[in-house]
Structure formats: C-alpha cells, structure tokens
Amino acid sequence: FEEDGAITRAAAVLLDAETLQPVAQEIARIPTVMPYIPGLLSFRELPALLAALALLPRTPDLVFVDGHGISHPRRLGIAAHLGVVTDLPSIGVAKSKLVGRFIEPGAEAGAHTPLMDGSEQLGWVLRSKLRCKPLFVAGGHRVSADTALAWVQRTLRGYRLPEPTRLADRLASRRDEQQ
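Figured I'd write up the structure that's included with this text. (Residues numbered from 1 in each chain as written. Predicted model: local features only at pLDDT ≥ 70, side-chain atom pairs only at ≥ 80, totals over all residues. Heavy atoms only, no water.)

## Thoughts on the pairing of strand 4 (residues 90-94)
For a regular strand, side chains alternate in direction, first toward one face of the sheet and then toward the other. As a reminder, the rule being used: Using a 1.4 Å probe on the protein chains alone, a residue whose accessible area is under 20% of its type maximum counts as buried, one over 50% counts as exposed, and one in between counts as partly exposed. In this description a helix means any DSSP run of H or I spanning at least four residues, a strand means any run of E spanning at least two, and both kinds are numbered starting from the N terminus. Strands qualify as paired when DSSP identifies two bridges or more between them.
Counting buried positions along strand 4 yields 5 of 5 residues, so the element is predominantly enclosed. In strand 4, alternate side chains face the same way, and those of Ser90, Gly92 and Ala94 on one face and Ile91 and Val93 on the other are all buried. One ladder, built from 4 bridges, connects strand 3 (residues 63-66) with strand 4; its direction is parallel. Opposite Val65, over in strand 4, you have Gly92 as the bridge partner. As paired strands, strand 4 and strand 7 (residues 135-141) are joined by 5 bridges and run antiparallel to one another.

Right, dumping it as structure tokens:
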C-alpha cells in the first residue's frame, strides 16, 4: 500500500516453469477500494492483484501468491480468493500462521510438518532454508496441500521464498523505479 493506504500496489512475475527464469513482470497501482478489515485483507488486495495479472502477456498456468490459501480462519486467504475469482490453480505461501497448529519442522532445509486445524490438514509448514523461519504452504484453488508443497519445494533456489513469490516481492519493493 502506498500514500497512506490510498493506493494499492501489486506485482506479478511470469516465469518459465522449467527454468524459473522471468518471462514478464508487471506492477499495477490502483486506488484502494476497501478499508482494512481484519480477516478480510484479500478483498482489499485482490483488485490490484487482478490488475497486475491482466497486464501480463499471457495467463499463468499456476499462480503462487504471497499470502494464505485455505490456511485462513475463513478458508479464504488471498491465494484461495484469487483462485476462486479467476478459476486459476493457486498456491498460498505465507510467512506467518493465521490459523492451525503444527509441530516445528526440523532445522534442515526441506523439513516439513502438517498444518492442522482440528482433524483437518490445511497445508504444510516448510523450512525452506537452514536457519530461517518456516513458510506456511497451502493450496488456494484447484491445488491440493501435497501438490502445493511439491511445487514450492521445486521452486526453491537457496532463498527463504520460492522463486515466484521472491521475484514478485523484489519487484514490488522497488517503489521509485516503477513510477
């Protein structure tokens, strides 16, 4: 969010699935259409994310989102919300837990444990890199928890975040260059 929340900014990076090299990248900046309401952040963020995706030269086959999938109290984090609205397969990769319980994964990169809410598995808690806090990986739409984990593991390149969200986060952080 920019200008004290008046502008919502979203970044989208299209990657080649085999090489993980960027094919295109876009930033959308739009007026913020909804105030902040706890638990409903995806409604505030989604319009800018849709605008950024629309700027890409082609529709992605799979979308990684920096946020939650179904691992959300309402089972509708930003990755799930985006997937339902677009009908695109989506994966949520979050940096913090919103709901559920888990056993801390081992210290080694690749260690993972289930994220549970009662008897329901919401996703996985993944240690993506040695000495880093774990990520919370969950399907958003049309992607199972196991498939989401496999894709995230496949796209790790020595950083805490998988390449799709790492590159989008890096692009979104370049405020001055993208004006």
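Picking up after the structure, the text goes on.
## As for a nonpolar patch on the surface
Stated formally: Patch criteria: residues need more than 30% relative accessible area and no salt bridge. Like-charged residues are merged within 9 Å; nonpolar side chains of Val, Leu, Ile, Met, Phe, Trp and Tyr are merged within 5 Å. Here, Shrake-Rupley sampling with a 1.4 Å probe gives the accessible areas, and only protein chains in the shown set may cover a residue. By salt bridge we mean one thing: a side-chain nitrogen of Lys or Arg within 4 Å of a carboxyl oxygen of Asp or Glu.
Taken together, Phe1, Tyr36 and Leu41 make up a surface patch of nonpolar side chains, about 300 Å² in accessible area. Checked against the element boundaries, Tyr36 lands in the loop between strand 2 (22-31) and helix 1 (41-55). Assessed through its relative accessible area of 53%, Tyr36 is described here as exposed.

## Some remarks on helix 1
Applied cut-off: Expected span of a helix, by definition, is 1.5 Å for each gap between consecutive residues, and there is one gap fewer than residues. Bend at a given residue is defined as the angle between two axes, one fitted to the seven residues that end at that position and one fitted to the seven that begin there.
Along its 15 residues, helix 1 runs 22 Å from first to last C-alpha, staying within 8% of the 21 Å computed at 1.5 Å per residue. Along its length, helix 1 reaches its greatest deviation from straightness, about 30°, at Pro47. Of all the positions in helix 1, only Ser42, Arg44, Leu46, Ala48, Leu49, Ala52 and Leu53 are classed as buried.

## Concerning the nonpolar core
For clarity, the cut-off: For the purposes of this section, nonpolar cores are sets of buried Ala, Val, Leu, Ile, Met, Phe, Trp, Tyr and Cys residues that join through side-chain atoms within 4.5 Å. Pairs of residues are marked as contacts when any of their non-hydrogen atoms sit within 4.5 Å.
Among the nonpolar cores identified, the biggest contains 18 residues, and Leu49, Leu56, Val65 and Leu82 are the most heavily contacted of them. Of all the elements in the fold, those that place two or more residues in this core are strand 1 (7-15), strand 2, helix 1, strand 3 and helix 2 (78-86). Looking at which element gives the most residues to this core, the answer is helix 1, with 5 residues. Beyond its immediate sequence surroundings of up to four residues, Leu82 is in contact with Leu46, Leu49, Leu50, Leu53, Val63, Val65 and Asp87.

## Thoughts on unusual backbone geometry
Residues other than glycine seldom take positive phi values, yet Asp4 does so here, at roughly 55°. With respect to the helices and strands, the residue Asp4 is situated in the segment before strand 1. On the basis of relative accessibility, which here comes to 86%, the residue Asp4 falls in the exposed class. For Arg142, which is not glycine, the phi dihedral falls at a positive 60°. Relative to the helices and strands, Arg142 is located in the loop between strand 7 and helix 3 (145-154).

## A short note on the environment of Ala145
Inspection of the secondary structure puts Ala145 in helix 3. For the pair formed by Ala145 and Leu122, sequence separation is 23 residues and the distance between their alpha carbons is 7.1 Å. Not counting chain neighbours up to four residues away, the residues in contact with Ala145 comprise Gly123 and Trp124.

## A word on the packing of helix 1 against helix 2
To be explicit about the condition: Lines are fitted to the C-alpha atoms to define the axes, a helix being fitted only along its stretch in contact, and any angle between axes, read from their N-to-C directions, falls within 0 to 180 degrees. Relative orientations are named as follows: roughly parallel for angles under 35 degrees, roughly antiparallel for angles over 145 degrees, roughly perpendicular for angles from 65 to 115 degrees, and oblique for any other angle. With the far helix as reference, a near helix turned anticlockwise by less than a right angle produces a left-handed crossing, and one turned clockwise produces a right-handed crossing. Note on residue categories: nonpolar means Ala, Val, Leu, Ile, Met, Phe, Trp, Tyr, Cys or Pro, charged means Asp, Glu, Lys or Arg, and polar means any other residue, Gly included.
Following both chains from N to C, one finds helix 1 and helix 2 inclined at 55°, their axes separated by 10 Å at the closest point. Taken as axis vectors, helix 1 and helix 2 run oblique relative to one another. Considering how the two elements wind past one another, helix 1 and helix 2 form a crossing that is right-handed. Contacts from Ser42, Phe43, Glu45, Leu46, Leu49, Leu50 and Leu53 in helix 1 reach Ile78, His81, Leu82, Val85 and Thr86 in helix 2. For the contact of helix 1 with helix 2, the class distribution of residues is 8 nonpolar, 3 polar and 1 charged.

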